[in-house]
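# Summary of structural features
Spelled out from the first residue to the last, the chains are:
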Amino acid sequence: MDKRYDFSAEAERALYDDWEKRGAFRCAGRVDGKQPYTLMMPPPNVTGRLHIGHALDNTLQDILVRLRRQQGYDCLWLPGTDHAGIATQLLVSRQLAEQGIAVERLSREDFLAHTWRWKEQYGNIILQQLRRLGASCDWEKARFTMDEGLSCAVRRAFLELYEQGLIYRDERLVNWDPQLQTAISDLEVRQQEERGQLCLIDYPLIEERGVEKGASITIATMRPETLFGDLAVAVHPKDERYRALRGKRCLVPLAEREVAIIEDERVEREQGTGALKITPAHDFLDFEIGKTHGLALCSIFDAQARLNDEVPEAYRGLSREQARERVLVDLQSQGLLREIKQQTHSVPHGERSGVALEPKLTKQWFMNMEGLAKDALAAVERRETILIPQTWLNTWRRWLENIQPWCLSRQLWWGHRIPIWYTPDGEQVAAANEAEALQKAEARFGKKVVLRQDEDVLDTWFSSALWPFSTLGWGNEKEGDPNKAPLLQRYFSTQLLVTGFDILFFWVARMMMLSLRFKNCVPFKVVYLHALIRDGQGRKMSKSLGNVVDPIDLMDRYGCDALRFTLASQAVPGRDLRLSEKRIEGNRNFITKLWNAARFLEMQGCRYDENFKTKAVEGAVHRWMLTRLRALAEGLEEDLRDEVCLFHEAASKLYHFLWGVFCDEYLETIKPALAGKEDKDEKARNEARVVSAWVFYGVVRLLHPFVPFATERIFQECQVFASSKGRLLMTEKTLRAEDIVCGDWDDDVAETKWVLGLIDKIRSIRSDLGLSPKATVPWFGDVLDRTEKRLEKWGDVLRAMAGVEWRSIGEGREIGFVYDGVVEPKLFLPEEVDLKAMSVRIKKQLDDWNKVCKNSSAKLDNKKFKENAPHNILKAEEEKLTEAKNNMELLSNIQEDIKKIIKKLL
RNA sequence: GGGUGCGUAGCUCAGGGGUAGAGCGUUGCCUUCACACGGCAGAAGUCGUUGGUUCAAUUCCAACCGCACCCACCA
C-alpha cells in the first residue's frame, strides 16, 4: 500500500468506472428470491449543475442503497433528469440570444429542435457529476421526464383525469408573470417585503339627494394605477362612517367612470380608510367580491403588464411603474390625492423571474385537488407513509386541508403539450395525438373538422408527480393496461424518498396524490426530508451572497469520501446544517486514519481468514473488542432502518469506533502481542493477527456505504484482504451483529476495561508529575492477589501504554494513587518530578469527591428519595457514597505521602 | 395573524429525567519504526430567562425573551 492515501479525482474515477463496468449497480431483476428495494432519485433539472443540496440528497440515498445491497436486497435506485420547463426554456433562449438568434422569430418547432439539441449536448453533465459523488444508481434505467415513454404516461394520466372531470379549463385569476408571460402556480409565488406608498384618494360622490355638493369618499390603495379597472367601491355593512353613503354612487377619477358604493363583509374596517376600491380583474379579493355583486371584469394590462386600450389614451402603453407615477401626478393636480403614507407591504414575486406578479384573468387548465388531497392526507394519517422528521405532519395537514385548484398550464413551448384539440367552434377534443383527435372529432361531429391543438404545456411538476411509477413503465405505451410493465410489478412501490423539505408540496404531496389515484397505493413508505444547507455563518447559500460552495471543488480538495462523511454526520433530521470546511478537513483526516490503520495491519502480517470463528477467541482484549464490534453493528442496524434514518448517529458511531476504540485502544493494546518474537508468544501473536484482521474487515464493510472509495481501495490493495483479491467490496455482505458470536465474556470485558482505565489513570498522573513519556517507571504496591495477577498478566501492555513496570515490592521515594477503590499502587519517583502539580491535583480530586459525598449523603438522607427512587438508582447512590468515602481516605493518605516527601526534600 | 424549529464549552453542533458530550480551536508534553492529516495529558459550560410537575429537571410542562423558517393577509 502507498504511504499516503490518494484523494484525487482520477483515483476515485477509476474505482467508480470499475464498479460500473462490472454492473455492480444494476438491479438483479426477478432472480434468486431477493426482496426488492426501490429508491427513486429526485430528478435534478436537466440544466442543473451539482450543488451541495444534491450532494446531501444523493449521499444519503447512496448510503442506504449500498447498505441494503450489502444486506442482500435486490436494489433499484433509479436516476434521471427533469425537463424543468421554465428553467430550460429561459436558459436556451438566453443562449440563442447570445448567438444572435431572436427567440421571438423562431417557430415553436425550431425552438424545440434547438432545445433538444442543447439537451443532448449538456443534459448529461449532472449525471456525470452524480457519478463523481459515488452515487450507485442503476444508470441503464435512467429516465428523462420528456422521453417518449414518460411523455406517453403524462398524456394518459392527463386524459384520464380529464375524462373524470378532475382536469378542466376555466377562466380565472391566476398569478401571471409579466416577464415570462406565463401563468404560474401558487407555490411558485414568493412574497417579498417592499417599501411602498399607501395613497389616500378621493373619489367624488355623484350628486343626488342626500349627498352634499363636492363630497367624496376616500379610498386607500397601494396600487393607484389600477383605478382604471375599478368597478365599485366597497365598505363594510356595519361601518357607521359610511352609513349615509349606502346605495350612492361615486366617480372613479381619471377613468371618469361612475361606480356604485357597495357593501360587503369581507371589507376590513380597520384597514386603510375602510373604503376599498374594487378592481375585479386585478386583485384576488376584489375578484371574489365582484363575483358576489355581479360586477363585470375590466382588464387594463396586457401580457407584459403594460396599460392596454381600456384606459384613457394618455396612459396607454405605460408600464405599471410609469402609470403609477403618472396617475399620482394627475390626481395631485386635480386635488384628489389626499395623502401619501410610506408603508412596507409584501408583494408577490415570481420565483423564477424575480419580477412582481400580476393577478391576471386568463383561460387556464386546472386540476381539482380536493379529493386527491383528502386521500393523501388519510394515507399519512394511517401511517402508510411516514414522514421523517415527524414534525412535518402538521404542515402536511394544513396544506392538504386548504388546498386550491392547481393551475396546470404554462404559456411555454418546452414541456408536455396539452393533449387537447379545439374545433373552430371551441369544442374540446381530448386525444393522445392529432390523428386520434381528428378521428374522434369526425366520429363525434359526423364530419371532418379542422382542429387546433392547445398551445400550452403542462407545469413541469405534473410529470414529476408521476415519477415513481411512470419511470417503471406505467403508461409508457399508448394502449393496454398501464400496470402490466414488468419493472413496475417488481419494484413498485418504493421504500423511501429522500428529498429536501422545500419541495414537500411541489413534488412529494403530488406524487402521493397521483400515485394513490393511479396505483391505488402510496408511492413510498418513508419520506425523509432533509434540511437546508447553510454556509459556515448560517446564511442561506445564494449566488448573490457569493457563499455557494461547489461540491465538486470540495471533492477535488478533500476527496469524495470526506465530503460524504461530513454530510452524513451533519444530517440531523429537521435541522439545517452548516457546512464548514474545517469539518470536511477533519473527516479527510479520518479517511487517512483508516488508511493508516490498514497499512499497520498489513505490515503486522494480519490477514483476514474467512474460516475464523469468533467464538474460539481466548484473549480478553480480543473478546472485549468483538463485544464492542457487535454493539457497533447492532447500533448501526438500528440507526439505519428506513423509518429511523439517523445518519449522524451512525456516522458518529463509526468515527469513534474506528478512531477511538479500534486504533487508540485496541491496536495499541495488541501491539506488544503483535511484536512478540519468541516462540512462546506465537499463539498470542497469531490470535492478535487474525482477530484484528477479522474486526477490521467488519469495520471496512460497515464503513463502506459512507466512504465507498477509500474502503474499496483498501479492500483491493491491502494485503490483509489478499484472500479476497478481485472481488468488489460493494458486493460483499455487510457485517451483521448476529455474525459475531460471543461467549460468556463478561469477566474478560470487565477486565479489559479495568486495564484501560488503569492506563488512563497512570498516564494522567505521569503527565501531572511531568515524567518523561519515554521513561519506564517502576511501581509496586500492596494489592490484592487477584489484582497482582492481573498486573502481571497485562505487564507488557502496561509497559507499552503506560510506561510502568510492576515490581512486587519496593521502597524509596514513591507516591501512591487511587484506582478502582481497591488498588493503591505506588510509583517510584525520579528526582525531577513536579510534586506541586501533583499536590494540586490531589486537592482538586479531594474537593470533587467531597462534593459527590455531600451530594449523595443529602440524597440518601432524603426520606422521599428513599421512598420513591427506583432500586437501581438507590443502590447506585449508595455505592457512589461508599466509593467517594473510600477514595477520600486514600487520597488523604497520598496527601500525607506527598507532605512527607516534601519534608524530606527540605 | 396561524404554524414549525432553535437558544448546550471560544466556534459549529450532538444528546437527553438520575453528577454534561463531539469536532474544530486552545494549553502542556511527545518528530516512539501505521498515522504530525499523528499520539498522550489538560483547561474550558449556574445546558436563554422565570415559574411549575417530580425524591430528582439541562432534559417534561407553561409563560416570557431572543433567532430562524413556513403559510395566510396586508386597502
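As the structure is a computational prediction, the values presented were derived from the model and not from experiment.

Rules used throughout
Residues numbered from 1 in each chain as written. Chains lettered and ligands numbered in written order. Predicted model: local features only at pLDDT ≥ 70, side-chain atom pairs only at ≥ 80, totals over all residues. Heavy atoms only, no water. Helix = DSSP H or I, 4+ residues; strand = E, 2+ residues; numbered from the N terminus. Rg over C-alpha atoms; globule rule 2.2 N^0.38 Å. Buried < 20%, exposed > 50% of the residue type's maximum accessible area, 1.4 Å probe, protein only. Contact = heavy atoms within 4.5 Å. Pairing = 2+ DSSP bridges. Axes fitted to C-alpha atoms, helices over the stretch in contact; angles between N-to-C directions. Arc of directions from axis to C-beta. Near = heavy atom within 4 Å. Polar contact = N/O pair within 3.5 Å; in protein donor to acceptor, adjacent residues only side chain to side chain. Nonpolar A, V, L, I, M, F, W, Y, C, P; charged D, E, K, R; others polar. Core = buried A, V, L, I, M, F, W, Y, C linked by side-chain atoms within 4.5 Å. 1 Å grid on protein atoms, 1.4 Å probe; cavity = no way out; pocket = protein on both sides within 12 Å on 5 of 7 lines; lining within 4 Å. Points joined across faces, edges and corners; volume = space filled by probe spheres on them. Salt bridge = Lys/Arg side-chain N within 4 Å of Asp/Glu carboxyl O.

What chain A contains, in helices and strands, is 28 helices and 29 strands. By the compact-globule yardstick of 29 Å for 906 residues, chain A is too spread out, its C-alpha radius of gyration being 38 Å. For the C-alpha atoms alone, the extent of chain A along its principal axes is close to 120 × 65 × 55 Å. For chain A, buried positions account for 55% of its 906 residues. Partitioning the contacts of chain A with sequence separation of at least 6, the portion at a separation of at least 24 is 78%.

Here we come to the sheet that holds strand 13 (residues 337–350). A sheet is described by the order of its strands in space; here 3 strands give the open sequence 8-7-13, paired in antiparallel fashion. Each having just a single partner strand, strand 8 (216–221) and strand 13 make up the two edges of the open sheet. In this sheet, neighbouring strand axes are inclined to one another by 20 degrees on average, regardless of whether the strands run parallel or antiparallel. Across the sheet, helix 8 (residues 320–333) is in contact with strand 7 (189–204) and strand 13; its angle to strand 13 comes to roughly 165 degrees.

For helix 24 (residues 785–793), the set of buried residues is T787, E788, R790 and L791. Burial along helix 24 is one-sided: seen end-on, the buried residues are contained in an arc of 160 degrees. For helix 24, the exposed residues set more than 90 degrees away from the buried face come down to D785, R786, K789, E792 and K793.

Below, the discussion takes up the protein's contact with RNA strand B. Of all residues adjacent to RNA strand B, which total 60 residues, the nearest are R4, L198, S346, R578 and W659. Taken together, the sugar and phosphate atoms account for 60% of what RNA strand B places within 4 Å of the protein. Between RNA strand B and the protein, one listed contact pairs a base nitrogen with a side-chain N or O atom of R4 at 2.4 Å. Counting residues per element, the surface near RNA strand B draws most heavily on helix 18 (residues 581–603), which supplies 11 residues. For the surface near RNA strand B, the residue count by class is 17 nonpolar, 18 polar and 25 charged.

Okay, the nonpolar core next. Residues L629, F662, F696, F721 and W779 are the most contacted members of the largest nonpolar core, which totals 157 residues. With 13 residues, the single largest contributor to this core is helix 20 (residues 647–675). Not counting residues within four places of it along the chain, the set of residues in contact with L629 comprises F657, W694, V695, V699, L702, L735 and I740.

A few words on the environment of E370. On the secondary structure map, E370 appears in helix 9 (residues 370–381). Here E370 falls in the exposed class, since its relative accessible area comes to 57%. Residues E370 and I403 lie 33 residues apart in sequence; the distance between their C-alpha atoms is 6.5 Å.

To continue, consider the sheet that holds strand 12 (residues 275–278). Strand order in the open sheet made by the 4 strands is 10-11-9-12, with mixed pairing throughout. The open sheet has two edge strands with one neighbour each: strand 10 (249–252) and strand 12. The sheet shows a mean angle of 35 degrees between the axes of neighbouring strands, taken without regard to direction. Pairing analysis gives 4 bridges linking strand 9 (residues 232–235) to strand 12, with the strands arranged antiparallel. Among the inter-strand pairings, A234 is bridged to a residue of strand 12, identified as L276. On top of the sheet, helix 7 (residues 284–292) reaches strand 11 (257–263) and strand 12; it is set at about 85 degrees to strand 12, its chief contact.

Okay, the layout of surface pockets next. Approximately 1400 Å³ is the volume attributed to the second largest pocket. T221, M222, R223, D283 and H345 are, among the 45 residues lining the second largest pocket, the residues nearest its centre. No other element matches the 7 residues that strand 7 contributes to the lining of the second largest pocket. In terms of residue class, the lining of the second largest pocket is made up of 15 nonpolar, 16 polar and 14 charged.

The subject of this paragraph is the environment of F662. Here F662 lies in helix 20. When sequence neighbours within four positions are dropped, the list of residues in contact with F662 reads L601, M625, F657, L667, S692, V695 and F696.

Applying the stated rule across the entire model yields 58 salt bridges. Ionic pairing is found between R557 and E581, a salt bridge with its closest N-O pair at 2.6 Å. Within this pair, whereas R557 is found in helix 16 (residues 551–558), its partner E581 is found in helix 18, the two being separated by 24 residues in sequence. For the salt bridge of E805 with R807, the shortest nitrogen-to-oxygen distance reads 3.9 Å. For E805, a relative accessible area of 27% gives the class partly exposed. Of the residues examined, R807 reaches a relative accessible area of 37% and is grouped as partly exposed.

Here we take up the environment of W406. As for its placement among the helices and strands, W406 is situated in strand 16 (residues 406–407). With a relative accessible area of 3%, W406 lands in the buried category. Taking the C-alpha atoms as reference points, W406 and M367, 39 residues apart in sequence, are found 5.0 Å from one another. Residues within four places of W406 in sequence aside, it is in contact with S185, W365, F366, M367, M369, D459, W461, F462 and R510.

Under the defined criterion, the tally for this structure stands at 4 cavities of 30 Å³ or more. Roughly 80 Å³ of internal volume is contained in the largest cavity. Lining the largest cavity are L67, Q71, A633, L636, E637, L640, L702, P705, F706, T734, L735 and R736. Considering each element in turn, the lining of the largest cavity owes the most residues, 3 residues, to helix 19 (residues 620–639).

Any functional reading would require information that these geometric values do not contain.
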